[in-house]
Amino acid sequence: MQRLQEQGITDQRVLDRIRTVPRHLFMDEALATRAYEDTALPIGFGQTISQPFVVAKMTEALLAGGGIEKVLEIGTGCGYQTAVLSPLVKTIYTLERIDPLLKRARRTLRELRIRNVNFRHDDGNIGWPARAPFDGILLTAAPHSVPQALFDQLRLGGRLIAPVGPEGRQELFRYVKGETRNERHSLGPVSFVPLVSGLQR
Ligand code: SAH
């Protein structure tokens, strides 16, 4: 925890969540002994659970400035990022393209009594237009560039946090939606699995 603070995480609510969410519950038992290392680890289907530092960084960047109640998350994975964010916003809409991962995440979050999350098996490239507009959008898989459909589903002044770029050369960006153009700031280099198209059952 002290390490996350040293690395620049200052939002106390976020630090508290990283401290209290039991990360081992999101992983296979075989890897659970490594759950509290600050690294990404495999969760099956070629996907990973995100590094706590990166989850903290993205959550902090999303919330900074206030007014974030309704959030769209793309790439539920095991649901760890969802769990960290859940009590800090009103409602989360989360999309995952691999159905077994989505089912497992739903079960884990239910066990943790997290109830403000709506799950959907769908392709995040198209977002969740029926529930738009969102105050914030989080991508936990990296596109080459952010799909316009997602900016269309963000309210004015809303924030979109996303890793962008090809594998091995991604950068984390924070976008703020404006009237005519979006503001964009880099939060540094990151390593995420790619955002891919289509569904897997
Ligand atoms: N949020 C997770 C990390 C998820 S890894 C955590 O907290 O640890 C990224 C996830 O994005 C994977 O589960 C992958 O299947 C999913 N993904 C990739 N492309 C997607 C798409 N187009 N739509 C929805 N989910 C996608």
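Residue numbers restart at each chain and count upward from 1, following the sequence in its written direction. Where local features are concerned, this predicted model is filtered to residues with pLDDT of at least 70; where side-chain atom pairs are given and counted, the filter is 80 or more; whole-chain, interface and lining totals use all residues. Remark: hydrogens and water are excluded; side-chain values derive from all non-hydrogen atoms of the structure.

K.L.:
Where do I start with the site of the ligand in this structure?
P.N.:
Every one of the 25 residues lining the ligand counts as a neighbour, but Ser50, Gln81, Glu96, Gly124 and Val196 are closest to it. For this analysis, a polar contact is any N or O atom pair within 3.5 Å, provided that within protein one partner can donate a hydrogen and the other can accept it, and provided that sequence-adjacent residues contribute only side-chain to side-chain pairs. Separating a nitrogen atom of the ligand from a side-chain N or O atom of Asp123 is a distance of 2.9 Å. Measuring from a nitrogen atom of the ligand, one finds a side-chain N or O atom of Thr140 at 3.2 Å. Out of a free accessible area of 580 Å², the ligand has 99% covered by protein chains. Whether a set of points on the 1 Å grid over the protein atoms alone is a cavity depends on a 1.4 Å probe fitting there but being unable to get out, while an open set qualifies as a pocket with protein on both sides within 12 Å along at least five of seven lines; lining residues are those with an atom within 4 Å of a point. Here the criterion for a molecule occupying a pocket or cavity is that more than half of its atoms lie within 2 Å of the pocket grid points. The site holding the ligand turns out to be the largest pocket. Elements represented by at least two residues in the shell around the ligand include exactly strand 2 (47-49), helix 4 (80-85) and strand 4 (91-96). Asp, Glu, Lys and Arg are counted as charged, while Ala, Val, Leu, Ile, Met, Phe, Trp, Tyr, Cys and Pro are counted as nonpolar; the rest, among them Gly, fall into the polar class. Tallied by class, the residues present in the shell around the ligand amount to eleven nonpolar, ten polar and four charged. Any residue with a heavy atom positioned within 4 Å of a molecule or strand is treated as near that molecule or strand. Residue burial considers only the protein chains on display, and all accessible areas are found by Shrake-Rupley using a 1.4 Å probe. Secondary structure follows DSSP: runs of H or I at least 4 residues long count as helices, runs of E at least 2 residues long count as strands, and numbering of each begins at the N terminus.

K.L.:
Sorry, what's going on with the environment of Asp16 here?
P.N.:
Mapping Asp16 onto the fold places it in helix 2 (residues 12-20). Sequence separation between Asp16 and Val84 is 68 residues, and the spatial gap between their C-alpha atoms is 9.2 Å.

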